[in-house]
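Observations on the model geometry
Each chain is listed here by its residues.
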Amino acid sequence: MNHSLLEQVGIEYPIIQGAMSWVATPSLAAAVSNAGGLGMLGAGHQPGEYVREIIKETKGLTDKPFGVNVLLLSPYVDEVVDVVCEENIKVVTTGAGSPGKYMKKFKEAGITVIPVIASTALARRMENDGADAIICEGMEAGGHIGKLTTMTLVPQVVDAVSIPVIAAGGIADGRGMAAAINLGASAVQLGTRFVVAHESIAHDNFKKRILKAKDIDTVVTGMITGHPVRVLRNKLTKEYLKVEKDITSDPSPDFSRLEELGKGALQKAVVEGDKDKGSFMSGQIAGLVSKEQSCDEIISELMQEYNQVISNPVRF
């Protein structure tokens, strides 16, 4: 295992919590960091002062390092970047573009910059732009996804770059963690497993959907828009996929119908627990997640399973 990333970030275990919108709040991020992992806050499309408030709230819950996910497409991205630099945040992860424009500012503030990527080409670009590490996310993940699986993407990215690689997508236990490390990853990022943590503010209906999920219960929506999203099946996904099919056969497609269906759907899932109209973003690994635990229990169990796997190698 590559310990340089752990030392650089200042965490005990190579486990990062995904910065899931509406779920990656101070209570969850602080709990993950207190348990020895790296907790993450999701800035989303919120203005700078809101991000400053949740950073301060998190600092009141932990004295351990934690990070902030900066959404590069946010209209408030410039002020959010200023805030994370001013608040001495240890780590920043980014998505939807390159953080190259802000790299100098991040580095001057002593921030470790870790973009999320879904291809080897993008991984190389991020390294050239000055990234300290990258999160390599396979399409098994929940939420917005790329086209390659974790198993195929991680080793190719590891061979393509010289900076540490963090594996994400389809990992929920120590076996998956051991597999990722053996593929060359320095750490893993988990999302779905942390949605059901005691410290997660996700609505109980959301947690129950994950805990009851089977291996085939997720579906990918939005393929025709170029922004595919993996979610758990419900009435919303059924209607969304029907509209997608209708649009595909329409010579003058009206994408506004899809936009209307998706508007506020994630908030409806996380905050309101709307079983029919909520977008329950979840990875394919949901079928393996069967219990609600504290973040400390989750991370302790992951490390115990991981150590057990690597101490008992298969012999042929």
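Use the structure listed above.
Now for a description of the structure that goes with this document. (Residues numbered from 1 in each chain as written. Predicted model: local features only at pLDDT ≥ 70, side-chain atom pairs only at ≥ 80, totals over all residues. Heavy atoms only, no water.)

Right, let's get into the packing of helix α3 (residues 48–59) against helix α4 (residues 77–86). Across the interface, α3 lies against α4 with an axial gap of 8 Å and an inter-helix angle of 30°. Classed by the angle they form, the pair α3 and α4 counts as roughly parallel. In this structure, the crossing between α3 and α4 has a hand that is right-handed. Of α4, the residues touching α3 (which contributes G48, E49, V51, R52 and I55) are E79, V80, V83, V84 and E86. Classifying every residue of the contact of α3 with α4 by side-chain character gives five nonpolar, one polar and four charged. (Axes fitted to C-alpha atoms, helices over the stretch in contact; angles between N-to-C directions. Helix = DSSP H or I, 4+ residues; strand = E, 2+ residues; numbered from the N terminus. Parallel < 35°, antiparallel > 145°, perpendicular 65-115°, else oblique. Left-handed = near helix turned anticlockwise from the far one by under 90°. Contact = heavy atoms within 4.5 Å. Nonpolar A, V, L, I, M, F, W, Y, C, P; charged D, E, K, R; others polar.)

Moving on, we come to helix α2 (residues 26–34). Among the nine residues that make up α2, seven are buried, leaving the element largely enclosed by the rest of the structure. Every buried residue belonging to α2 is among P26, L28, A29, A30, A31, V32 and S33, and all of these are buried. Packed against the buried residues of α2 are β1 (15–17), β2 (39–42), α3, β3 (66–71), α9 (192–195) and α14 (295–311). Looking one or two places after α2, you find G36, whose phi comes out positive at around 105°. (Buried < 20%, exposed > 50% of the residue type's maximum accessible area, 1.4 Å probe, protein only.)

Moving on: the packing of aromatic side chains. Between two aromatic rings, the relevant description is the distance of the centres plus the angle of the planes. What the rule picks out here adds up to two aromatic pairs. Ring plane angle 55° and centroid distance 6.4 Å describe the contact between Y102 and F106, whose orientation is recorded as tilted. Accessibility assignment for this pair places Y102 and F106 in one class, buried. Aromatic side chains F206 and F280 sit 5.1 Å apart centroid to centroid with 85° between the ring planes, which places their arrangement in the edge-to-face category. Here the residue F206 occupies a position in helix α10 (residues 204–211), and F280 occupies one in the loop between α13 (265–272) and α14, the gap between them amounting to 74 residues. No difference in accessibility class separates F206 from F280, as the two residues are buried. R209 extends its terminal NZ or CZ atom over the ring of F280, reaching a point 5.6 Å from the ring centre. (Phe/Tyr/Trp six-rings, centres within 6.5 Å; stacked < 30°, edge-to-face > 60°. Lys NZ or Arg CZ within 6 Å of the ring centre and 35° of its normal.)

Everything listed here is a matter of coordinates, which is why it stays silent on function.
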